Amino acid sequence: MSDGQVPLIENLGEAEEPIEIVSHFLDLPFVLFLDSATGATAHSEVHPLGRYSFLSADPALVIRSRGSHTDIGRPGGETTPVAGDPLLAVRDLLRPYASEAISGLPPFQGGVAGYIGYDYGALLERLPAPRHDDLAIPDVQLGLYDWVIAWDHRLGTAWIISTGMPETGPGREGRARERLEMVRERLRRPAPNRNAGRPPPPAVRRGQRPPPAPTYPVIGVENAERIGLRSTFTHRGYLDAVARVREYIVAGDIFQANLSQRFQAPLTQPPFDLYGKLRRKNPAPFAAYLDFGEVVVLSASPERFLLLEENGRHVETRPIKGTRPRGLGPMH
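Residues numbered from 1 in each chain as written. Predicted model: local features only at pLDDT ≥ 70, side-chain atom pairs only at ≥ 80, totals over all residues. Heavy atoms only, no water.

1. A word on the overall build of the chain
In step 1: A tally of regular secondary structure across the chain gives 7 helices and 17 strands.
In step 2: Here the chain holds 332 residues, and 36% of them are scored as buried.
In step 3: By sequence separation, contacts in the chain at least 24 residues apart represent 63% of the contacts at least 6 residues apart.
In step 4: Carbon and sulfur atoms make up 54% of the accessible area of the chain, which totals about 20500 Å². (Helix = DSSP H or I, 4+ residues; strand = E, 2+ residues; numbered from the N terminus. Buried < 20%, exposed > 50% of the residue type's maximum accessible area, 1.4 Å probe, protein only. Contact = heavy atoms within 4.5 Å. Areas by Shrake-Rupley, 256 points an atom, 1.4 Å probe, with all protein chains shown as cover.)

2. Here's the deal with the pattern of salt bridges
Pairs can form between side chains of opposite charge once their charged atoms are near each other.
In step 1: Enumeration according to the criterion identifies 16 salt bridges in this entry.
In step 2: In this structure, the salt-bridge partner of Arg 279 is Asp 35, at a minimum N-O distance of 2.6 Å. With Arg 279 in helix α7 (residues 271–281) and Asp 35 in strand β2 (residues 31–35), this residue pair connects regions lying 244 residues apart in the sequence.
In step 3: For Asp 35, a relative accessible area of 1% translates into the label buried.
In step 4: Where Asp 146 meets Arg 175, a salt bridge forms, and the shortest distance between an N and an O atom there is 3.2 Å. Of this pair, Asp 146 sits in the loop between β8 (140–145) and β9 (147–152) while Arg 175 sits in helix α3 (residues 171–188); the two residues are 29 residues apart in sequence, bridging distant segments of the chain. Neither Asp 146 nor Arg 175 differs from the other in exposure class; each is buried.
In step 5: When salt bridges that share partners are traced, they join Glu 10, Glu 181, Arg 184, Glu 185 and Arg 188 into one network. (Salt bridge = Lys/Arg side-chain N within 4 Å of Asp/Glu carboxyl O.)

3. Examining helix α2 (residues 86–94)
In step 1: Of all the positions in α2, only Pro 86, Ala 89, Val 90 and Leu 93 are classed as buried. One side of α2 carries all its buried residues, which in axial view fall inside an arc of 100°.
In step 2: Residues of α2 that are buried in the fold lie against β4 (61–66), β5 (69–73), β6 (79–82), β7 (111–116) and β8.
In step 3: The opening residue of α2, the one whose side-chain oxygen lies 2.7 Å from the backbone nitrogen of Leu 87, is Asp 85. (Arc of directions from axis to C-beta. Polar contact = N/O pair within 3.5 Å; in protein donor to acceptor, adjacent residues only side chain to side chain.)

4. As for the sheet that holds β5
In step 1: Judged by pairing direction, the sheet is antiparallel, and its 5 strands sit side by side in the order β6-β5-β4-β8-β7 without closing on themselves. At either margin of the open sheet sits one strand with a lone partner, and together these are β6 and β7. Averaged over neighbouring strand pairs, the angle between their axes works out to 20° when direction is ignored.
In step 2: Of the strand pairs in this sheet, β4 and β5 are connected by 5 bridges, and their pairing is antiparallel. Paired with Val 62 across the two strands is Gly 73, which belongs to β5. (Pairing = 2+ DSSP bridges. Axes fitted to C-alpha atoms, helices over the stretch in contact; angles between N-to-C directions.)

5. Structural notes on the pairing of β2
In step 1: Taking burial as the measure, the 5 residues of β2 include 4 buried ones, the bulk of the element.
In step 2: The sheet contact formed by β2 and strand β3 (residues 52–56) spans 3 bridges and is antiparallel. In the strand pairing of β3, Leu 32 is matched with Ser 56.

6. A closer look at the sheet that holds β9
In step 1: In spatial order, the strands read β1-β10-β9-β3-β2-β14-β15; together these 7 strands make up an open sheet with antiparallel pairing. Of all the strands in the sheet, the pair left with one neighbour each is β1 (8–13) and β15 (296–301). Neighbour-to-neighbour, the strand axes of this sheet turn through a mean angle of 10°, independent of strand direction.
In step 2: Sheet topology note: the β1/strand β10 (residues 157–162) ladder contains 5 bridges and is antiparallel. Among the inter-strand pairings, Gly 13 is bridged to a residue of β10, identified as Ala 158.

7. Quick notes on the nonpolar core
In step 1: Membership of the largest hydrophobic core comes to 23 residues, with the highest contact counts inside it found for Phe 25, Leu 55 and Ile 149.
In step 2: Looking at this core, the elements that each hand over two or more residues are α1 (18–22), β2, β9, β10, α3, α7 and β14 (286–291).
In step 3: When near neighbours in sequence (up to four residues on either side) are disregarded, Leu 55 contacts Ile 21, Val 22, Phe 25, Val 31, Leu 32, Phe 33, Trp 147, Val 148, Ile 149 and Trp 151.
In step 4: Phe 54, Val 62, Ala 113 and Ala 150 belong to the second largest nonpolar core, which has 17 residues in total. (Core = buried A, V, L, I, M, F, W, Y, C linked by side-chain atoms within 4.5 Å.)

Rendered as structure tokens:
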């Protein structure tokens, strides 16, 4: 336990597996589970990149951005519009809470986390607007998380860390204790129903969902018809698009393209159950489950996008695509 200074820290020892502990918090808003699934499987060796996992929920503040509009507020409460780049707004938001990381603990000890969508790039470059925007989800959604359960799978230990944010004065330690006790209490009692307290997406509630983009049934794939699987491409249309990309490369207009298609099907189970299946089938060192109400992100990736070392002077990336050796010499 802490010596009385915030943040407050409680060692949970050999806690349950992260996937089991998450179920105690699924009824809270903005569940954030950053899951090193390859390092969290019982009776298995820890993957060298899968050392840490993190869980939090019910952030003190939420930052949402869509296009040029950004707002900050409590989850489900009133919001305040903020001008400019949402990431600059986040930097300003974090400034009063800047502190040194506590040595010996996993690196995320509370702070801002969430997702930055591809369409955020439209704030950085001049890009054409997408033809269809039927999902109508925020480009950026981040939460200011004041508590976190952090696992070090190499040590086989977990901690509760409670920071007391967004308080900055004498009340900060009191909030940290209150939130720490909330986490303890949830860990003591049975996990709630997996759909408990989860509201329908706001755009659906308000009847504001834009018209859907054209989709086509997926043909020739086992069970695709049974589950109602559809794609934003026909098979022929996708092959034609690949051919056009190759022509652009030969002409020297581009050197690569990320040609993607969206697959969709009705979801007949709670999203977290689907994540559990994904985790079992494809355990990955950089997996995630983000339940942000209007959008739920399930991710299982072997790639680390960026790592900023503790000294702040060294950045590491670990991509998979484009890294296969192609010849004997360094220029190949």
